Amino acid sequence: MPGIVIDKVSRRYGRRWALTHVSCEVASGESWMLLGHNGSGKSTLLRCVATAQKVHQGEIRFGGQSLWPNRGALREKIAVLSHAPALYDDLSAGENLQVWARLGGHQADVPALLTRVGIDPARRDPVRTFSAGMRRRVAIARMLLKRPELVLLDEPFTALDPAGRRWLLDVISELRAGGATLIMATHLPQVAREVADRALILEAGKVVFRGAVDELPAELAFE
């Protein structure tokens, strides 16, 4: 079954090319990690796959359909966990989920979602009072609300302690078991390799490695 096909994609900001002829095929149900130093193009590529930005050259296809022309319908199948949680700061965690469910037309068991991410459903204080790790857990609950076919994760382990990372790896494993396709940009390949099949490394917007996770060097470090 077709997953994501990224076909010779290029994207620029002004005169600077952030991505240059990037290609890869992510099979349905696969998990890829996207690696590279800051400024390598990882977040730009995720934004293009999320239809937040249009590519200037090339094409991205999802489930056999060209992504940008069909973005309205395909966005319903895509969930994004951005580097910044982007919460409604003056609302509680439960109220945030209720708003997102209503806006997206989703039926959601909000108390069950909050329990799943380790937040007391009875908690009523606004999320602006939460720690960075707790805010990330609320954002993860929002992602799970959609029951997505494609999950895009931008630095998903940021602000999580070791126990939180272990918990998120379990969540990712559950999503994979449910058939979701995943692409995650990360500076922590040693953590992500536990749930990733393949890897793509970008350098200055160009692909410098594309292959199985077990073909990567044992020690990798990105800033």
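About the thresholds
- Residues numbered from 1 in each chain as written.
- Predicted model: local features only at pLDDT ≥ 70, side-chain atom pairs only at ≥ 80, totals over all residues.
- Heavy atoms only, no water.
- Helix = DSSP H or I, 4+ residues; strand = E, 2+ residues; numbered from the N terminus.
- Buried < 20%, exposed > 50% of the residue type's maximum accessible area, 1.4 Å probe, protein only.
- Contact = heavy atoms within 4.5 Å.
- Areas by Shrake-Rupley, 256 points an atom, 1.4 Å probe, with all protein chains shown as cover.
- Lys, Arg positive; Asp, Glu negative; His and termini not counted.
- Charge placed at Lys NZ, Arg CZ, Asp CG, Glu CD.
- Salt bridge = Lys/Arg side-chain N within 4 Å of Asp/Glu carboxyl O.
- Pairing = 2+ DSSP bridges.
- Axes fitted to C-alpha atoms, helices over the stretch in contact; angles between N-to-C directions.
- Expected span 1.5 Å × (residues − 1).

**Quick look at the overall build of the chain**
Okay, step 1: Tallying secondary structure elements over the chain gives seven helices and 10 strands in all.
Okay, step 2: In terms of overall dimensions, the chain has C-alpha extents of about 50 × 40 × 35 Å along its principal axes.
Okay, step 3: Out of the 223 residues in the chain, the part that is buried amounts to 50%.
Okay, step 4: Relative to all contacts within the chain whose residues are 6 or more apart in sequence, the contacts with residues 24 or more apart total 66%.
Okay, step 5: When the accessible surface of the chain is split by element, carbon and sulfur atoms take 50% of a total near 10600 Å².
Okay, step 6: The averaged location of the 24 negative side-chain charges in the chain is 7 Å from the averaged location of its 30 positive side-chain charges.

**So, the environment of Gln65**
Okay, step 1: By the secondary structure assignment, Gln65 is in strand β5 (residues 65-66).
Okay, step 2: According to the relative accessible area criterion, Gln65 is partly exposed, its value standing at 35%.
Okay, step 3: The residues contacting Gln65, other than those within four sequence positions of it, are Ile60, Asn70 and Leu74.

**What to know about the pattern of salt bridges**
Okay, step 1: Scanning the entire structure with this criterion turns up nine salt bridges.
Okay, step 2: Across the salt bridge formed by Asp90 and Arg128, the nearest N and O atoms sit 2.9 Å from each other. Placement of Asp90 in the loop between β6 (78-81) and α3 (93-104) and of Arg128 in the loop between α4 (110-116) and α5 (132-145) is noted, with a sequence separation of 38 residues between them. Pair check on accessibility: Asp90 and Arg128 agree, each one exposed.
Okay, step 3: With a closest N to O distance of 3.2 Å, Arg166 and Asp170 form a salt bridge. Taken together, the residues span about one helical turn, with Arg166 and Asp170 both in helix α6 (residues 162-177) at a distance of four residues.
Okay, step 4: Given the relative accessible area of 37%, Arg166 is considered partly exposed.
Okay, step 5: Through salt bridges with shared partners, a single ionic network connects Asp7, Glu59 and Arg61.

**Some words on the side chain of Thr44**
Okay, step 1: Structurally, Thr44 is set in helix α1 (residues 42-49).
Okay, step 2: The exposure class of Thr44 is buried, given its relative accessible area of 6%.
Okay, step 3: Excluding residues that lie within four positions of it along the chain, Thr44 makes contacts with Arg11, Tyr13, Ala18, Leu19 and Gln53.

**Regarding the sheet that holds strand β10 (residues 206-212)**
Okay, step 1: Strand order in this open sheet of six strands is β6-β7-β8-β3-β9-β10, and the pairing throughout is mixed. Here the strands that pair on one side only, and so sit at the sheet edges, are β6 and β10. Neighbour to neighbour, the strand axes of the sheet diverge by 15° on average, direction disregarded.
Okay, step 2: Sheet analysis places strand β3 (residues 31-35) next to strand β8 (residues 181-185), joined by four bridges and oriented parallel. By the bridge assignment for β8, Leu34 is matched with Ala185.
Okay, step 3: Against the sheet, α5 engages β6 and β7 (150-154), with an angle of about 175° to β6.

**Observations concerning α3**
Okay, step 1: Between its first and last C-alpha, α3 extends 17 Å over 12 residues, near the 16 Å set by a 1.5 Å rise per residue.
Okay, step 2: Those residues of α3 lying buried are Ala93, Gly94, Asn96, Leu97, Val99, Trp100 and Ala101.
Okay, step 3: Buried residues along α3 sit in contact with α4 and α5.
Okay, step 4: Backbone geometry just after α3 places Gly105 at a positive phi near 70°.

**Thoughts on the pairing of strand β4 (residues 57-62)**
Okay, step 1: Pairing between strand β1 (residues 4-13) and β4: five bridges, direction antiparallel. Bridge assignment links Ser10 to a residue of β4, and that residue is Gln57.
Okay, step 2: Between β4 and the antiparallel strand that follows it, β5, lie two residues; Gly63 among them carries a positive phi value of about 60°.

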